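# Structure assessment
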Amino acid sequence: MFGAGMVMARGCASRLLVLSATGNLRALLSGLVFAVVAQASLYGSLKPMRDWLSGLWTTVDTGGNNLSYFLGMTDSAIFLFGGLWFLAGLAFAWRNRSSIWQTAAAIGAGLTVPLALWFTTSMTRQAFDPVPVDGVTFTGPSADMLMRFLSSPFEGIDFNTGLVPGVFLGSFLAAFLTRQLLLQGFESGPSMARYLTGAALMGFGGMLAGGCAVGAGITGASIFAVTAWLTLIGIWMSAVVTDHVFARLSVFSRIGPAHASFD
């Protein structure tokens, strides 16, 4: 669901957040729909459906969630595997003629995942009360931040809920300094239907998978969680199929194929 919704909304949860900070009203409304559906899936009317679907199969049935344990990988093998992925990313950037600054920014974004795990782990060692170790994800935090705005905005902000306003403010500041602030809206009724349907699918799919493409996918994959790799594969496959289908639907021809620029 998340992969299909990501293509329909032309961006994942984190991208919608970044674009909304630049004045993109399509991304802002899609992000609100995403957060509402995510909240309903976590605690509201969609929770029974999510619980039923998630209970059909769990990693407990296979003995756990540690992929490196299943494969018998040593620490050296894990480090080598990560290094190969890093080199593959550099090769991809070179093949697409990415600039030095774009490549450096991509590396910095990727480093936020291990840095978040390191930071929250450090906090657990210094706090007197138990503090959960958190990674970078946007589905649950988006839903929580929405509820804070609607009910108790003055409660304490943890790492996850602080991530959402932090990314928004950082994106706004970057857009302001580079003069890229620009109000944008929906081009047509079919365009609006596609964006909002995609956002709803992402909200439910993200909670069903335990996180977004960044959270359940990249963050979980970095610690070799079986569920994370299954999520990534599912996101990739559904995104490719959805892109193939929507590229051939004439009703959406005015907004272009799903793989078009996320401007």
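Residues numbered from 1 in each chain as written. Predicted model: local features only at pLDDT ≥ 70, side-chain atom pairs only at ≥ 80, totals over all residues. Heavy atoms only, no water.

## Re the overall build of the protein
In plain terms, the rule: Secondary structure is summarised from DSSP: a helix means a run of H or I of at least four residues, a strand means a run of E of at least two, and numbering begins at the N terminus for each. Only protein chains enter the accessibility calculation, which uses a 1.4 Å probe; a residue is then buried when its area is under 20% of its type maximum, exposed when over 50%, and partly exposed in between. Residues are treated as being in contact if the distance between any of their heavy atoms lies within 4.5 Å.
Helix and strand content of the protein: 12 helices and 0 strands. Seen in sequence order, the protein has helices and strands lined up from the N terminus as α-α-α-α-α-α-α-α-α-α-α-α. Counting all 263 residues of the protein, 38% fall into the buried class. The contacts in the protein between residues at least 6 apart in sequence include a share of 72% that link residues at least 24 apart.

## Description of a nonpolar patch on the surface
Filter applied, for reference: The patches reported here contain residues having more than 30% relative accessible area and no salt bridge. Joining distances are 9 Å for like charges and 5 Å for nonpolar side chains (Val, Leu, Ile, Met, Phe, Trp, Tyr). For accessible areas, the Shrake-Rupley method is used with a probe of radius 1.4 Å. Any residue's cover is judged against the shown protein chains and nothing else. Any carboxyl oxygen of Asp or Glu within 4 Å of a side-chain nitrogen of Lys or Arg constitutes a salt bridge here.
Residues Leu80, Leu84, Phe86, Leu87, Leu90, Ile107, Leu111, Leu115, Trp118, Phe119 and Met123 make up a contiguous nonpolar surface patch of roughly 1100 Å² in combined accessible area. Of all elements in the fold, only helix 6 (75–95) and helix 7 (100–126) reach the threshold of two or more residues within the nonpolar patch.

## Quick word on the nonpolar core
Here is the rule: Only buried Ala, Val, Leu, Ile, Met, Phe, Trp, Tyr and Cys residues count toward a nonpolar core, and they belong to the same one when joined by side-chain atoms within 4.5 Å.
Phe2, Met6, Phe34, Val136, Phe138 and Met202 are the most contacted members of the largest nonpolar core, which has 24 residues in total. Among the secondary structure elements, those contributing two or more residues to this core are helix 1 (2–8), helix 2 (13–20), helix 3 (25–42), helix 9 (159–177), helix 10 (189–209), helix 11 (213–222) and helix 12 (226–246). In terms of residue count, helix 2 provides more of this core than any other element does, 4 residues in total. Each residue touching Phe138, except ones within four places of it in the same chain, is listed here: Ala13, Ser14, Leu17, Phe34, Leu163, Val167, Cys212 and Val214. Grouped together as the second largest cluster of nonpolar side chains are 8 residues, Ala221, Ala228, Trp229 and Leu232 included.

## Here's the deal with helix 7
Definition in use: The length a helix should cover is 1.5 Å for every residue beyond the first. The seven residues ending at a residue and the seven starting there each receive a fitted axis; the angle between those axes is the bend at that residue.
The end-to-end C-alpha distance of helix 7 is 38 Å, a good match for the 39 Å that 27 residues give at a rise of 1.5 Å each. Of all bends in helix 7, the biggest is about 30 degrees, found at Val113, and the proline Pro114 comes one to four residues later. Along helix 7, the residues classified as buried are Thr103, Val113, Ala116, Leu117, Thr120 and Ser122.

## A word on the packing of helix 8 (residues 139–150) against helix 10
Each pair of packed helices gets described by two things: the angle between the helix axes and the distance between those axes. The cut-off we apply is this: Here an axis means a line fitted to C-alpha atoms, over the contact stretch when the element is a helix, while the angle between two N-to-C directions is reported on a 0 to 180 degree scale. Ten residue types, Ala, Val, Leu, Ile, Met, Phe, Trp, Tyr, Cys and Pro, are classed as nonpolar, four, Asp, Glu, Lys and Arg, as charged, and the remainder, Gly among them, as polar.
For the pair helix 8 and helix 10, the least separation of the axes is 9 Å and the interaxial angle reads 115 degrees. Where helix 8 approaches helix 10, its residues Thr139, Gly140 and Ala143 are matched on the opposing element by Gly203, Gly206 and Met207. Split by residue class, the contact of helix 8 with helix 10 holds 2 nonpolar, 4 polar and no charged.

## Examining the pattern of salt bridges
Across all of its chains, the model carries 3 salt bridges by this definition. The shortest N-O distance in the salt bridge between Glu187 and Arg26 comes to 4.0 Å. Pair noted here: Glu187 is in the loop between helix 9 and helix 10 and Arg26 is in helix 3, with a separation of 161 residues, a long-range link. On the accessibility criterion, Glu187 (52% relative accessible area) is exposed. With relative accessibility at 4%, the residue Arg26 sits in the buried group. A single network of salt bridges, built from pairs that share partners, joins Lys47, Arg50 and Asp51.

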